[in-house]
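Tertiary structure, described
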Amino acid sequence: MNAVKAIILSAGQGRRLLPLTENSPKCLLSVADKPVLAWQIDALLAAGIDDIAIVAGFQVGQIEALLQARYAGSGNIKVVFNPFYEVADNLASCWLARSAMESDFLLLNGDTVIEPALLLQVLKSPSAPITLSVDFKESYDADDMKVQLGADGWVKQVSKIVPPHEIDAESIGLVYFREQGPVLFSRAVEEALRHPAELKSWYLTIIDQLARAHLVNSCSVKGFRWCEIDFIEDLSKAGMLFTE
């Protein structure tokens, strides 16, 4: 197996969490006495992944300070600065991190707390160009990134606006790229960003495109602990879930 890299997308401020994110980025909010970003890095290190690029923008100095304080001697953990975080969405962050996309890599949303066992489940999933980590629940709300699956478990579409009768799962914000997946993804990101309107796009619009070409498999993480931090109530939910 190739050495797997990781890219964490943490450029945004997280305005929906104001006033908590007034002066500090969302990824540094504390869950059970540990910043969200530290939960992610610790899970990656526990899974043997120590080549980590963090795309940061808002209050980037605070993220650099955390890395210096906690991870000075741990692997190759670096910050990629995204100066466009105010005007662009995470597709631009992906473009800035494309040098890490030359071989197998994991892409993580910077606001998802995960446990190491979940990462290991994804890393041992059957090989596919792109593997989308998904979970299942009774009903899905407007903010969920919804997923439609084929009978074979491969992804048919992923977006917030999948029609209710076509929703099978939700994306948790963790994608694994292997085989030709890294090249296909980075090329598609670059192609999209040639159109100025796409600056406001999410990288999952690219995953959705590639899914329609039968390139995206799913990996169920049902039963494993994870929590996306979008709203203030998510912090207490994550705190209960991740208090050891």
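Owing to the predicted nature of the structure, the values given are computational and were not obtained by experimental measurement. (Residues numbered from 1 in each chain as written. Predicted model: local features only at pLDDT ≥ 70, side-chain atom pairs only at ≥ 80, totals over all residues. Heavy atoms only, no water.)

Our next topic: the packing of aromatic side chains. Summed over all chains, the structure comprises six aromatic pairs. Seen in terms of ring centroids, F177 and F185 are 4.7 Å apart; in terms of plane orientation they differ by 40 degrees. Their pairing is tilted. By the burial criterion, F177 is buried, and F185 matches it. Each ring, one from F185 and one from Y203, has its centre 6.5 Å from the other, and the planes form 85 degrees; the classification is edge-to-face. Linking F185 in helix α5 (residues 181–192) with Y203 in the loop between α5 and α6 (204–211), this pair joins segments that are 18 residues apart in sequence. The pair F185 / Y203 is uniform in exposure class, with both members buried. The rings of F105, F177, F185 and Y203 are connected pair by pair, giving a single aromatic cluster. Seen from the ring of W39, K34 lies directly overhead, with NZ or CZ sitting 4.1 Å from the centre. A cation over an aromatic ring shows up here: R98 above the ring of W95, its NZ or CZ 3.7 Å from the ring centre. (Phe/Tyr/Trp six-rings, centres within 6.5 Å; stacked < 30°, edge-to-face > 60°. Buried < 20%, exposed > 50% of the residue type's maximum accessible area, 1.4 Å probe, protein only. Helix = DSSP H or I, 4+ residues; strand = E, 2+ residues; numbered from the N terminus. Lys NZ or Arg CZ within 6 Å of the ring centre and 35° of its normal.)

Going through the model one piece at a time under the given rule, you end up with zero disulfides. Of all cysteine sulfurs, the one in C227 lies closest to C219, which takes part in no disulfide; the gap is 19 Å. C227 takes part in no disulfide bond, and the closest cysteine sulfur to it belongs to C27, at a distance of 16 Å. (Disulfide = S-S within 2.5 Å.)

Under the defined criterion, the tally for this structure stands at 11 salt bridges. In this structure, R16 engages D230 in a salt bridge whose closest nitrogen and oxygen atoms are separated by 3.2 Å. Of this pair, R16 sits in the loop between β1 (5–10) and β2 (30–31) while D230 sits in the loop between β13 (226–228) and α7 (232–242), and the two are 214 residues apart along the sequence. One salt bridge in this structure joins E115 and R225, with 3.4 Å as the shortest N-O distance. Of the two residues, E115 sits in the loop between β7 (112–114) and α4 (116–123) while R225 sits in the loop between β12 (216–220) and β13, which places them 110 residues apart along the sequence. (Salt bridge = Lys/Arg side-chain N within 4 Å of Asp/Glu carboxyl O.)

A separate point is the nonpolar core. Side chains of a nonpolar character, in soluble globular proteins, are inclined to be buried together. Counting residues in each nonpolar core, the largest one holds 35 residues, and the members touching the most others are I7, L107, L132, F185, Y203 and I207. Setting aside anything within four residues of it in sequence, one finds L107 in contact with I7, L9, C94, G173, L174, V175, F177, F185 and Y203. Judged by nonpolar contacts, the second largest core, of 34 residues, contains V60, L66, I77 and I114. (Core = buried A, V, L, I, M, F, W, Y, C linked by side-chain atoms within 4.5 Å. Contact = heavy atoms within 4.5 Å.)

Helix-helix packing is characterised by the crossing angle of the two axes and by the distance between the axes. One can describe the packing of α5 onto α6 by two numbers: an axis separation of 10 Å at closest approach and a directional angle of 120 degrees. Between α5 and α6 the crossing geometry is right-handed. Of the residues in α6, those in contact with F185, A188, V189 and A192 of α5 are I206, I207 and L210. Partitioned by chemical class, the residues of the contact of α5 with α6 number seven nonpolar, no polar and no charged. (Axes fitted to C-alpha atoms, helices over the stretch in contact; angles between N-to-C directions. Left-handed = near helix turned anticlockwise from the far one by under 90°. Nonpolar A, V, L, I, M, F, W, Y, C, P; charged D, E, K, R; others polar.)

Turning our eyes to something else, we now look at the packing of helix α1 (residues 36–46) against helix α2 (residues 60–71). Direction vectors running N to C along α1 and α2 enclose 45 degrees, while the axes themselves pass 11 Å from each other. Between α1 and α2, the angle is such that the two are oblique. Remark: the crossing between α1 and α2 carries right-handed chirality. Seen from α1, the contacting residues are L37, A38, I41, D42 and L45; seen from α2, they are I63, L66, L67, R70 and Y71. Residues of the contact of α1 with α2, tallied by class, amount to eight nonpolar, no polar and two charged. (Parallel < 35°, antiparallel > 145°, perpendicular 65-115°, else oblique.)

Here the focus is the side chain of N109. Looking at where N109 falls in the secondary structure, it is placed in strand β6 (residues 105–109). Judged by its relative accessible area of 16%, N109 falls in the buried class. Discounting residues that sit within four places of it in the chain, N109 has contacts with L9, Q40, G173 and Y203.

To continue, consider the layout of surface pockets. By volume, the largest pocket is sized at about 980 Å³. Contributing to the lining of the largest pocket are 35 residues, with K26, D89, N90, D111 and W202 lying nearest its centre. Mapped by element, the contributors of at least two residues to the lining of the largest pocket are β1, α3 (90–96) and β11 (169–177). In terms of residue count, the dominant contributor to the lining of the largest pocket is β11 (three residues). Looking at side-chain class alone, the lining of the largest pocket contains 11 nonpolar, 12 polar and 12 charged residues. Here the second largest pocket defines a volume of roughly 380 Å³. Together, 17 residues line the second largest pocket, and K137, E170, W226, E228 and K237 are the ones closest to its centre. Tallied by class, residues from the lining of the second largest pocket come to five nonpolar, one polar and 11 charged. (1 Å grid on protein atoms, 1.4 Å probe; cavity = no way out; pocket = protein on both sides within 12 Å on 5 of 7 lines; lining within 4 Å. Points joined across faces, edges and corners; volume = space filled by probe spheres on them.)

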